[in-house]
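Analysis of the macromolecular model
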Amino acid sequence: MVRIYFLAIYLLLGCLALNAQAPCSDFNASSNSGGNWGPSPAPNGNVSVNFGSANTLDGSQYLILGDQSGGSWYQNSTDYRDLGKRFLGQCLFFDVYLKNDSDSGQPYHPFITISNGVHNATFTANVTITPGSGWVRIKAPIQLSSSGILPSNSDGSWVLNTSTNPADFDNMMMTSTTLAISPDITSTQQEIIYFDNICVKPCSDCTADFTLDTSFSTVTNTANANVTIINPILYSTPGNPGPTYLIDWGDGSSSNFIYPTTPHTYSTAGTYTVCVSENQGKSSKCKRCFTFCYRPSVIPSKESSPVIKTPSTMSEIETIIKEEIRNNEQKDFFLVPNPANEYVELQTTLAGREVVSVRLIDVSGKVVLEKSENLDSGRQSIKLNIEKMNQGTYVVELKSKDKISSQKLIVSK
Ligand SMILES: [Ca+2]
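Here goes a summary of the coordinates provided.

Here is what the cut-offs are and how they apply
- Residues numbered from 1 in each chain as written.
- Predicted model: local features only at pLDDT ≥ 70, side-chain atom pairs only at ≥ 80, totals over all residues.
- Heavy atoms only, no water.
- Disulfide = S-S within 2.5 Å.
- Helix = DSSP H or I, 4+ residues; strand = E, 2+ residues; numbered from the N terminus.
- Buried < 20%, exposed > 50% of the residue type's maximum accessible area, 1.4 Å probe, protein only.
- Pairing = 2+ DSSP bridges.
- Donors = N, O, S within 2.8 Å, 3.2 Å for Na, K, Ca; no water.
- Salt bridge = Lys/Arg side-chain N within 4 Å of Asp/Glu carboxyl O.
- Core = buried A, V, L, I, M, F, W, Y, C linked by side-chain atoms within 4.5 Å.
- Contact = heavy atoms within 4.5 Å.
- Axes fitted to C-alpha atoms, helices over the stretch in contact; angles between N-to-C directions.
- Phe/Tyr/Trp six-rings, centres within 6.5 Å; stacked < 30°, edge-to-face > 60°.
- Lys NZ or Arg CZ within 6 Å of the ring centre and 35° of its normal.

Structural notes on the state of the cysteines
- Taken as a whole and judged by the stated rule, the model has 2 disulfides.
- Through a disulfide, Cys24 is tied to Cys199; the S-S separation comes to 2.0 Å. Between Cys24 and Cys199 the sulfur-sulfur dihedral comes to about 50°; the bridge is accordingly right-handed. Residue Cys24 is found in strand β3 (residues 24–25), and its partner Cys199 is found in strand β15 (residues 192–202); the two are separated by 175 residues along the sequence.
- Residue classification places Cys24 among the partly exposed residues on the basis of a relative accessible area of 33%.
- Classification of Cys199 as buried rests on a relative accessible area of 1%.
- At a sulfur-sulfur separation of 2.1 Å, the disulfide partner of Cys91 is Cys203.

Here's the deal with the pairing of strand β28 (residues 367–375)
- Two strands pair when backbone bridges link them, and strand β27 (residues 354–361) and β28 are joined in this way by 8 bridges, in the antiparallel orientation. Looking at β28, one finds that Val355 is bridged to Asn374.
- Between β27 and β28, which pair antiparallel in sequence order, lie 5 residues; one of them, Gly365, sits at a positive phi of approximately 90°.

What about the coordination of the calcium ion?
- The coordination sphere of the calcium ion, as far as protein atoms go, consists of Asp26 (O), Asn28 (OD1), Ser60 (OG), Gln61 (O), Asp196 (OD) and Asp196 (OD), spread over 2.2 to 2.6 Å.
- When the donor residues of the calcium ion are listed from N- to C-terminus, their spacing reads D-x1-N-x31-S-Q-x134-D. With Ser60 in strand β6 (residues 60–72) and Asp196 in strand β15, this pair connects stretches of sequence that are 136 residues apart.
- According to the relative accessible area criterion, Ser60 is buried, its value standing at 6%.

Considerations on the pattern of salt bridges
- All chains considered together, the criterion is met by 4 salt bridges.
- Of the charged contacts in the structure, one is a salt bridge between Asp95 and Arg137, with a shortest N-O distance of 2.8 Å. Of the two residues, Asp95 is situated in strand β8 (residues 90–100) and Arg137 in strand β11 (residues 136–141); the sequence distance between them amounts to 42 residues.
- By relative accessible area, Asp95 is classed as buried at 0%.
- Classification of Arg137 by relative accessible area gives buried; the value is 18%.
- Across the pair Glu373 and Lys371 runs a salt bridge, and its minimum N-O distance is 3.7 Å.

Regarding the nonpolar core
- Formed by 36 residues in total, the largest nonpolar core has its most connected members in Leu92, Ile181 and Ile198.
- Among the nonpolar cores identified, the runner-up in size contains 20 residues, and Leu384, Met389, Tyr394 and Leu409 belong to it.

Some words on the sheet that holds strand β7 (residues 74–76)
- One open sheet accounts for 7 strands, arranged β4-β7-β14-β9-β10-β13-β12; its pairing is antiparallel. A strand with exactly one partner marks an edge of an open sheet, and here the two such strands are β4 (37–39) and β12 (152–153).
- Pairing of β4 with β7, which is carried by 3 bridges, proceeds in the antiparallel orientation. What sits directly across from Trp37, in β7, is Asn76.
- In the packing of helix α2 (residues 166–174) onto the sheet, the strands contacted are β9 (111–115), β10 (120–125) and β13 (156–160), and the crossing angle to β13 comes to about 105°.

Remarks on the packing of aromatic side chains
- Counted under the stated rule, the structure contains 15 aromatic pairs.
- Seen in terms of ring centroids, Phe27 and Trp37 are 6.2 Å apart; in terms of plane orientation they differ by 55°. Their pairing is tilted. Separated by 10 residues along the polypeptide, Phe27 in the loop between β3 and β4 and Trp37 in strand β4 bring together distant segments of the chain.
- Take Trp37: its relative accessible area is 6%, and that puts it in the buried class.
- Grouped by ring-pair contacts, the aromatic residues Phe27, Trp37, Phe51, Tyr74 and Tyr80 constitute a single cluster.
- Note that Lys201 overlies the ring of Phe93, its terminal NZ or CZ placed 4.6 Å from the centroid.
- If you follow Lys383 out to its NZ or CZ, it ends over the ring of Tyr343, 4.5 Å from the centre.

Quick look at the structure:
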């Protein structure tokens, strides 16, 4: 069965972002390429830092860490806070390439470490890499312990370094403050390891997300859409062809993905569902869709500039957020009533006991309500008080153990 997920897809309209972006360090910026990463405080931050290209997984610039005498850690204490609170059920991805292991003679397993200042845990990958053996992309689950067992997946396992109590791991995951990586392998200082794309994303068979940007031309009365795939895997080697991406524009036409952005023009006003399928060989790995609609302005703009990319376009383009999961046309949850006034009940059915979180996001992308609940299996409901919400359209996002799904909610006063 082909598993189909809705992933974190957001529509960008000029400066309007409809969904907060999960942290993703791609080290691609031409200046301050390390972003919020830096050496750990003394005496643990003895690393050399450089940047190189290209990561063969996506053709982009990457981080180069070199070992130096003493503790050799490089960390980010800004972007990966409260991972469990914010992204439970998603995965922490990272790309690794071993350049030099100081002839350690030992198998090397890529790892990443998180901490909340009290406890720290390391996710170690099962895969063994050797110098020059190529890039690997690892995903670590952002999950809590289950029956005393720390989370693991097909890529590897979490180990708590500072305690044997799983509750300490859970607390650390919920209140994480720092993510750290290290090139240290041996007591000598020749080790060099490359890192890239340290990103929080849904753990699905999909390896990439996409963004959809739309704009409207008052000159030609057409809408333009651009699909950009985030962190696509572009490699293709004999016997391992790598994924391909097909974009269905929802108007009867489709395109093969062109790196980095594939454009399309709509000449007829209407509602369109854009879907991106990720294929491996002839089989589809997953498909994500996003629906938008536009309505041309009845009063042509006096501006000579053909493309409007400011919030004022809201008068020209009516954007309806309609994020959907296409899972055999089955909804993961129901909103009752919808439209709603004072409260709305989110009804879902769970296969097992799990923590689910719900977010209510307004059209500006702001999270206006957030709630997490530990629910039993079976038919469950979560009541949301929306008494104080303004009238309008919102997205209700439900995050469960292994997926995110969202639906449109209309608040009518
Ligand atoms: Ca990169």
